[in-house]
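These are the residues of each chain, in order.
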Amino acid sequence: MREANLRLGAALAEVEGLYSALLRAGSPRRRRRLRAELARAADRLAKVAAAPPGPPSAASGARRSRWGRRRVLAERGAAWITARYGRPGPGS
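First, a word on scope: everything that follows refers to the structure included in this document. (Residues numbered from 1 in each chain as written. Predicted model: local features only at pLDDT ≥ 70, side-chain atom pairs only at ≥ 80, totals over all residues. Heavy atoms only, no water.)

Within the element layout of this structure, Arg40 appears in helix H2 (residues 28-50). On the accessibility criterion, Arg40 (47% relative accessible area) is partly exposed. Expressed as a C-alpha distance, the spacing of Arg40 and Tyr85, which sit 45 residues apart in the sequence, is 9.7 Å. (Helix = DSSP H or I, 4+ residues; strand = E, 2+ residues; numbered from the N terminus. Buried < 20%, exposed > 50% of the residue type's maximum accessible area, 1.4 Å probe, protein only.)

The next subject is the environment of Glu75. Tracing the backbone through its elements, the reader meets Glu75 in helix H3 (residues 66-85). For Glu75, a relative accessible area of 33% translates into the label partly exposed. Dropping the residues within four chain positions of it, Glu75 is found in contact with Ala49 and Ala50. (Contact = heavy atoms within 4.5 Å.)

Counting across every chain of the model gives zero aromatic pairs. Above the plane of the ring of Trp67 lies Arg70, whose end atom (NZ or CZ) is 4.8 Å from the centre. (Phe/Tyr/Trp six-rings, centres within 6.5 Å; stacked < 30°, edge-to-face > 60°. Lys NZ or Arg CZ within 6 Å of the ring centre and 35° of its normal.)

Residues Arg64, Arg66, Arg69, Arg70 and Arg76 make up a contiguous surface patch of positive charge. One can find Arg70 in helix H3. (Patch = residues over 30% accessible without salt bridge, like charges linked within 9 Å, V, L, I, M, F, W, Y side chains within 5 Å. Areas by Shrake-Rupley, 256 points an atom, 1.4 Å probe, with all protein chains shown as cover. Salt bridge = Lys/Arg side-chain N within 4 Å of Asp/Glu carboxyl O. Lys, Arg positive; Asp, Glu negative; His and termini not counted. Charge placed at Lys NZ, Arg CZ, Asp CG, Glu CD.)

The next thing to look at is helix H1 (residues 2-24). Spanning 23 residues, H1 covers 33 Å between terminal C-alpha atoms, matching the ideal 33 Å at 1.5 Å per step. Looking at H1, one finds that the buried residues are Ala4, Asn5, Leu8, Ala11, Val15, Leu18 and Leu22. Check the buried side of H1 and you find it contacts H2 and H3. (Expected span 1.5 Å × (residues − 1).)

Here Gly17 is to be found in helix H1. Along the sequence, Gly17 and Leu38 sit 21 residues apart, while their C-alpha atoms lie 9.0 Å from each other.

Printed below as a string of structure tokens:
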């Protein structure tokens, strides 16, 4: 479970970093490149977040633990970013 959470955290950090860079990007060319990278990172995040968890450890808590809530929020965030930036239109 810990490894899955680490992978989820790393994927989320990548999305956050790319989104932050996109907000500060100056040139249209750089924004297009960052949007494409962000879409790929959001897809990876969605796949990591949707992966079935491993067998529960003895230390795992309730079904709606803090990590469970974070996983759900990561899925929602990835879905939003993919919907917003995942399919750039022609000429983007």
